[in-house]
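Residue-level structure breakdown
Given next are the chains, with one letter for each unit.
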Amino acid sequence: IGVFVILLFAGFTVLLKRTVRVRTKELRESEAVRSKMIANIGDVIVIIDRNGINRYKSPNIEKWFGWKPEDVVGFNTWENVHSDDLDKGQTFIGALALTPNASGTTEVRYRCKDGNYKWIEITIVNLMHDTSINGFLGNYHDITERKQSESALKLVAESSLLSARDIFPFLV
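A few points on the structure. (Residues numbered from 1 in each chain as written. Predicted model: local features only at pLDDT ≥ 70, side-chain atom pairs only at ≥ 80, totals over all residues. Heavy atoms only, no water.)

**Quick word on the pattern of salt bridges**
A side chain with one charge can pair with a side chain of the opposite charge if their charged atoms come near. Per the counting criterion, the structure on display carries eight salt bridges. Here E107 makes a salt bridge to R146, at a shortest N to O gap of 2.3 Å. With a gap of 39 residues between them, E107 in strand β3 (residues 103–111) and R146 in helix α5 (residues 144–167) connect regions that are remote in the sequence. For E107, a relative accessible area of 18% gives the class buried. (Salt bridge = Lys/Arg side-chain N within 4 Å of Asp/Glu carboxyl O. Helix = DSSP H or I, 4+ residues; strand = E, 2+ residues; numbered from the N terminus. Buried < 20%, exposed > 50% of the residue type's maximum accessible area, 1.4 Å probe, protein only.)

**Section: the pairing of β3**
Sheet topology places β3 next to strand β4 (residues 117–127); nine bridges connect them, and they run antiparallel. Note on β4: the bridge partner recorded for T105 is T123. Counting the residues in the hairpin turn of β3 and β4 gives five residues, including G115, whose phi is positive at 95°. (Pairing = 2+ DSSP bridges.)

**Remarks on the environment of S83**
Summarising the element assignment, S83 is placed in the loop between α3 (69–72) and α4 (86–97). A relative accessible area of 53% means that S83 is categorised as exposed. Considering only alpha carbons, one finds S83 and Y110, 27 residues apart in sequence, at a separation of 9.8 Å.

**Brief notes about the nonpolar core**
One finds I61, F65, Y110, I120, I124, F136 and Y140 to be the most contacted residues of the largest nonpolar core, which totals 22 residues. Elements supplying a minimum of two residues to this core: β1 (44–48), α2 (61–65), α4, β3, β4 and β5 (135–142). Those residues in contact with I120 that lie beyond four places of it in its chain are F65, T106, E107, V108, Y110, Y140, H141 and I143. (Core = buried A, V, L, I, M, F, W, Y, C linked by side-chain atoms within 4.5 Å. Contact = heavy atoms within 4.5 Å.)

**Quick look at the environment of I93**
Of note, I93 is situated in helix α4. Sequence separation of I93 and I124 is 31 residues, and the distance between their C-alpha atoms is 8.2 Å. Ignoring anything within four residues of it in the chain, the contact list for I93 reads W78, I124 and F136.

**Some details on the packing of aromatic side chains**
Across all of its chains, the model carries three aromatic pairs by this definition. Considering the side-chain rings of F65 and Y140, the 5.6 Å spacing of their centres and the 50° angle between planes classify their relative orientation as tilted. Remark: Y140 occurs in strand β5 and F65 occurs in helix α2; sequence separation between them is 75 residues. Judged by its relative accessible area of 1%, Y140 falls in the buried class. Taken together, a centroid distance of 5.5 Å and an interplanar angle of 45° make the contact between Y110 and Y140 tilted. On the criterion of sequence distance, the pair formed by Y110 in strand β3 and Y140 in strand β5 is long-range, its members being 30 residues apart. According to the relative accessible area criterion, Y110 is buried, its value standing at 4%. Through a chain of ring-to-ring contacts, the aromatic side chains of F65, Y110 and Y140 assemble into a single cluster. (Phe/Tyr/Trp six-rings, centres within 6.5 Å; stacked < 30°, edge-to-face > 60°.)

Encoded structure:
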C-alpha cells in the first residue's frame, strides 16, 4: 500500500506540474494578445490614483504623444495638462471622485514630449473602490484636428455674418 501511495503521489505531482506549465503558457499567450491589442488601439489608457499620480499608461502613448510609459508613470498627471485647462480638469476629476462608478468626458490640452500641446478628449470612470484599479480609469485620444476644424468653421461663420451685416445694415 505504501508503494501505491508513492506512485499515486508521483503521478499527481507530474499531472500538477504539467497543468501548471499549460496554464502558464496560456496565461502568457493571453497576456501577449492583450498587450498587442492595447498597443494598437487609438486611445491611450491611463490609471490615475487619488493623488493625481499616473499609475499606468498604455504603450501607445509613445505613438500619439511621444512619451514612453515610464516617462510619465509615477509622475503627477497635471504636469502635462495645459495651465489654462488645469482648473477645468481638476474640477472634472473632483466631481467624479464624489461617486463610485461616476464617469464623464472632457477636453483639455495635453503636453507632448516635444513640448507642443494637443487637444485630447478624455473619458474617465471613478474606480477607486475597485481593488484591481484603485483609481480613475481613463482613455483619451487626440482631437486636435477636430478642434482646428471647429475654430475654422467658427471664423467662417463670423466672417459670413460680418459680410451680411455690411450688405444688409438693417440686420444689425
